[in-house]
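Fold and geometry: a report
Below are the chains, spelled out letter by letter.
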Amino acid sequence: MLSRKGIIPEEYVLTRLAEDPTEPRWLLFAMVWWLIAFAHGDLAPGEGAAVPCVTSIHSFSSAFLFSIEVQVTIGFGGRMVTEECPLAILILIVQNIVGLMINAIMLGCIFMKTAQAHRRAETLIFSKHAVIALRHSRLCFMLRVGDLRKSMIISATIHMQVVRKTTSPEGEVVPLHQVDIPMENGVGGNNIFLVAPLIIYHVIDANSPLYDLAPCDLHHHQDLEIIVILEGVVETTGITTQARTSYLADEILWGQRFVPIVAEEDGRYSVDYSKFGNTIKVPTPLCTARQLDEDPSLLDVLTLARGPLRKRSMAVAKAKAKFSISPDSLS
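Just so it is clear, the structure is predicted and the values come from calculations on it, not from any experiment.

Some points on the overall build of the chain
- A count of helical and extended segments in the chain gives six helices and 14 strands.
- The buried share of the chain, taken over its 331 residues, is 31%.
- A sequence separation of at least 24 residues applies to 65% of the contacts in the chain between residues at least 6 apart.
- Summing over all exposed atoms, the chain offers an accessible surface of approximately 21,300 Å²; the carbon and sulfur share of this is 60%.

Encoded structure:
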């Protein structure tokens, strides 16, 4: 099965953002300027020589200083390029272009490093388990997603895929067959407004790859994995971030429902993240969605099973009220 943290191991991902190419670049162009001065004879001693390619270059140290002045546009008026050598003018243009490119790359690396989109993805949390229970008289696959930060994720979308081993009618074995399945939320569709933890659910109907999934299939030997991907734009930086998780067959709870965690206190809503992944048992038919569609009377059995319990509790309450002793009867 696929890894939750990514398909590529971290030891194979090389990052080289900490390297500083400034010093080797200055040394390289310093050597070029020194060679130009040497070839033109500017390093020869004597006064009244020909016009130099670059004024005030007498050694490698002065060539290195001129390379720094060209790169960072800092000069004190002592060194400058003359019209004597066209090659020197060409090298000046090349060094400026290379310097602009390297500065742009370094700026982009620093921005990516400071933005830390992966750190933002760590604050997008999913429930440890997924559940299957009834919702609107239909079996639904449900999970809970939330955001721990106050800054919002813009244009957040959620996608879900079922990955399992299948065999085609021609006998071809597909070890990782991926099937997209639609997700539903409070507003419908894949777009979500993650202002508070949401329960995302998928209706298991005739078009669902989970249509023939039964409670007895939810064990670790079952070749099934459901991958959930949440993607959106970070509000503060505008960088796209992505968080993902997956649920194996033994991480799906049948006949469970997430407990409410959003409550209203003093006119304001509060979220209790300590109960984010808590579930409770609810009456759910122990059959596949196909069997439930073929035999809707299975829902009536659940209704009848809940009815006598409710009537019995009412009868017990009446019995307690019937034999209660009032203070007037003791007088």
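Concerning the environment of histidine 221
- Position of histidine 221 relative to the elements: it lies in the loop between β7 (198–203) and β8 (224–234).
- Owing to a relative accessible area of 63%, histidine 221 belongs among the exposed residues under this scheme.
- Placed 29 residues apart in sequence, histidine 221 and aspartate 250 show a C-alpha to C-alpha distance of 8.4 Å.
- Within the structure, histidine 221 has its side chain in polar contact with the side chain of histidine 220 (distance 2.9 Å).

Re the environment of alanine 196
- You can see alanine 196 is positioned in the loop between β6 (191–192) and β7.
- As a C-alpha pair, alanine 196 and glycine 146 span 50 residues in sequence and 6.4 Å in three-dimensional space.

Considering the pairing of strand β5 (residues 173–181)
- One ladder, built from seven bridges, connects strand β4 (residues 153–167) with β5; its direction is antiparallel. Note that in β5 the partner of valine 163 across the bridge is glutamine 178.
- The antiparallel hairpin formed by β4 and β5 contains five residues in its connecting segment, where glycine 171 sits at a positive phi of about 95 degrees.

A short note on the nonpolar core
- With 39 residues, the main nonpolar core has Phe141 and Leu230 as its most contacted residues.
- When residues no more than four places from it in sequence are discounted, the contact partners of leucine 230 are Leu124, Phe126, Val145, Ala156, Thr157, Ile158, Ile192, Leu194, Thr241, Gln242 and Ala243.
- If you look at the next biggest cluster of nonpolar residues, it comprises 13 residues, including Ile36, Ala37, Ile57 and Ala63.

Details of helix α2 (residues 60–72)
- For α2, which comprises 13 residues, the first-to-last C-alpha distance of 19 Å matches the rise-based estimate of 18 Å (1.5 Å per residue) to within 8%.
- Three or more residues of α2 are buried, namely Ser62, Ala63, Phe66, Ser67, Glu69, Val70 and Gln71.
- Positive phi appears at threonine 73, one or two residues downstream of α2, with a value of about 50 degrees.

A closer look at the UniProt feature "transmembrane region" (unreviewed entry) in the chain
- Under the UniProt annotation, the feature "transmembrane region" (unreviewed entry) is placed at residues 88–111.
- Across residues 88–111 one finds 100% helix and 0% strand; the C-alpha atoms that close the span lie 34 Å apart.

Quick word on the state of the cysteines
- Across all of its chains, the model carries one disulfide by this definition.
- Between the sulfur atoms of cysteine 53 and its disulfide partner cysteine 85 the distance amounts to 1.6 Å. Across the S-S bond linking cysteine 53 and cysteine 85, the dihedral sits near -45 degrees, which makes this disulfide left-handed. With cysteine 53 in the loop between α1 (22–40) and α2 and cysteine 85 in the loop between α2 and α3 (86–115), this residue pair connects regions lying 32 residues apart in the sequence. Like cysteine 85, cysteine 53 is buried.

Regarding the packing of aromatic side chains
- Throughout the structure, instances matching the rule amount to four aromatic pairs.
- Residues tyrosine 273 and phenylalanine 276 carry aromatic rings whose centres are separated by 6.1 Å and whose planes lie at 25 degrees to one another, so their mutual orientation is stacked.
- Of the residues examined, tyrosine 273 reaches a relative accessible area of 32% and is grouped as partly exposed.
- Of note, arginine 144 hangs over the ring of phenylalanine 276, and the distance from its end group to the ring centre comes to 5.9 Å.

Considerations on the pattern of salt bridges
- Taken as a whole and judged by the stated rule, the model has two salt bridges.
- Between arginine 79 and glutamate 69 there is a salt bridge whose closest N-O contact spans 3.3 Å. In this pair, arginine 79 is assigned in the loop between α2 and α3 and glutamate 69 in helix α2, connecting sequence segments ten residues apart.
- We classify arginine 79 as partly exposed; its relative accessible area is 24%.

Parameters at a glance
- Residues numbered from 1 in each chain as written.
- Predicted model: local features only at pLDDT ≥ 70, side-chain atom pairs only at ≥ 80, totals over all residues.
- Heavy atoms only, no water.
- Helix = DSSP H or I, 4+ residues; strand = E, 2+ residues; numbered from the N terminus.
- Buried < 20%, exposed > 50% of the residue type's maximum accessible area, 1.4 Å probe, protein only.
- Contact = heavy atoms within 4.5 Å.
- Areas by Shrake-Rupley, 256 points an atom, 1.4 Å probe, with all protein chains shown as cover.
- Polar contact = N/O pair within 3.5 Å; in protein donor to acceptor, adjacent residues only side chain to side chain.
- Pairing = 2+ DSSP bridges.
- Core = buried A, V, L, I, M, F, W, Y, C linked by side-chain atoms within 4.5 Å.
- Expected span 1.5 Å × (residues − 1).
- UniProt positions renumbered as here; feature names shortened; annotations may be inferred.
- Disulfide = S-S within 2.5 Å.
- Phe/Tyr/Trp six-rings, centres within 6.5 Å; stacked < 30°, edge-to-face > 60°.
- Lys NZ or Arg CZ within 6 Å of the ring centre and 35° of its normal.
- Salt bridge = Lys/Arg side-chain N within 4 Å of Asp/Glu carboxyl O.

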